[in-house]
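For reference, the chains in residue letters:
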Amino acid sequence: MLSGNSYNTFPTLYDLLYQRYLASVPDFVSLIARHTPAKGAILDLAAGTGEVSIPLLHRGFAVTSLDRSKGMLNVLQAKAKKEKIKNARVKICDMQRITYRKQFDAVCIRQAVNYFIGAKALTKGLLRVRAALKPGGALIFNAPNYHDEKAYPPVANIYDRGTRHAFVLETNMLSGRLLKHVQYSLVWEDGKKPEYVTDENSFYMFTKKEFNRALRHAGFFRILFSGSGKTLYCVANI
Ligand SMILES: C[S@@+](CC[C@H](N)C(=O)[O-])C[C@H]1O[C@@H](n2cnc3c(N)ncnc32)[C@H](O)[C@@H]1O
């Protein structure tokens, strides 16, 4: 039995267990490409296993992939090597502590801006993101569109990735604005015994209005939200 957090405890299982959340990657990558000059410098914050960084590298952007989990970045590097990408640049760092100055044409954060816990942390983080951007640069992120929901029903799925398979039951518990996400999974490889995996992480739910306010406080001025229903997409310029 494995229990903990896929980012830190079993990062090699992340791409298998989180397939539901990887489906929107192509649209997100296209959005970044539309708002970044050709071959531009991109900082992928909380880059994880590189599901965004790798397609951006294939498109010729100069990508720095930053994450606080060494294990997730190891997976990214292994994937880049397999795909014969030579210029994958990774940095192990907490995104709340970045100190870049006017280096990037774009900063992207996919499925991770909610790890800024609370409005203060979000504004502080966005100030650092703004400092990292060149004049005219863009921040592109996605996030759940919080609408005062009271409950998030469980979801079950079966996933396959090569010879590996998983049955995943996702549960969510909201306490104030903190959402505790717990996945109970059975993971197995062809011809082998299944293993039981419990994976837990928590993040903060923001409304669109709160994102807008924090972006303005941090000095972003052209803020465009798109997306419908459950997910917000945001492009904000300085
Ligand atoms: C849901 S994954 C998203 C990965 C990637 N952006 C993607 O779209 O596939 C969240 C990632 O955020 C990272 N993370 C969470 N909090 C972080 C922080 N404060 N600083 C840097 N990385 C963080 C985790 O280690 C994990 O790799």
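Residues numbered from 1 in each chain as written. Predicted model: local features only at pLDDT ≥ 70, side-chain atom pairs only at ≥ 80, totals over all residues.

Student: Break down unusual backbone geometry for me, with residues and values.
Tutor: In this structure, Ala-46 takes a positive phi of about 55° despite not being glycine. On the secondary structure map, Ala-46 appears in the loop between β2 (41-45) and α4 (53-58). In this structure, Lys-84 is a non-glycine residue whose phi angle is positive, near 60°. Structurally, Lys-84 can be placed in the loop between α5 (70-82) and β4 (89-92). Residue class for Lys-84 comes out exposed when judged on the 6 C-beta atoms lying within 10 Å of it. (Helix = DSSP H or I, 4+ residues; strand = E, 2+ residues; numbered from the N terminus. Buried ≥ 20, exposed ≤ 12 C-beta atoms within 10 Å, placed from the backbone.)

Student: Any details on the sheet that holds strand β7 (residues 155-161)? Residues and values, ideally.
Tutor: Ordered in space as β1-β10-β9-β8-β7, the 5 strands form an open sheet in which the pairing is mixed. With one partner strand each, in any of the chains shown, β1 (2-4) and β7 form the two edges of the open sheet. Ignoring strand direction, the axes of neighbouring strands in this sheet form an average angle of 20°. Two strands pair when backbone bridges link them, and β7 and strand β8 (residues 164-175) are joined in this way by 7 bridges, in the antiparallel orientation. Each bridged residue has a counterpart across the sheet, and for Ala-156 the counterpart in β8 is Leu-169. (Pairing = 2+ DSSP bridges. Axes fitted to C-alpha atoms, helices over the stretch in contact; angles between N-to-C directions.)

Student: I'd love a proper account of the site of the ligand, names of residues and values included.
Tutor: Around the ligand there are 17 residues in total, and Tyr-7, Ala-46, Gly-48, Arg-110 and Tyr-115 lie nearest to it. Of the residues assigned to the shell around the ligand, the class counts are 8 nonpolar, 4 polar and 5 charged. (Near = placed C-beta within 6 Å. Nonpolar A, V, L, I, M, F, W, Y, C, P; charged D, E, K, R; others polar.)

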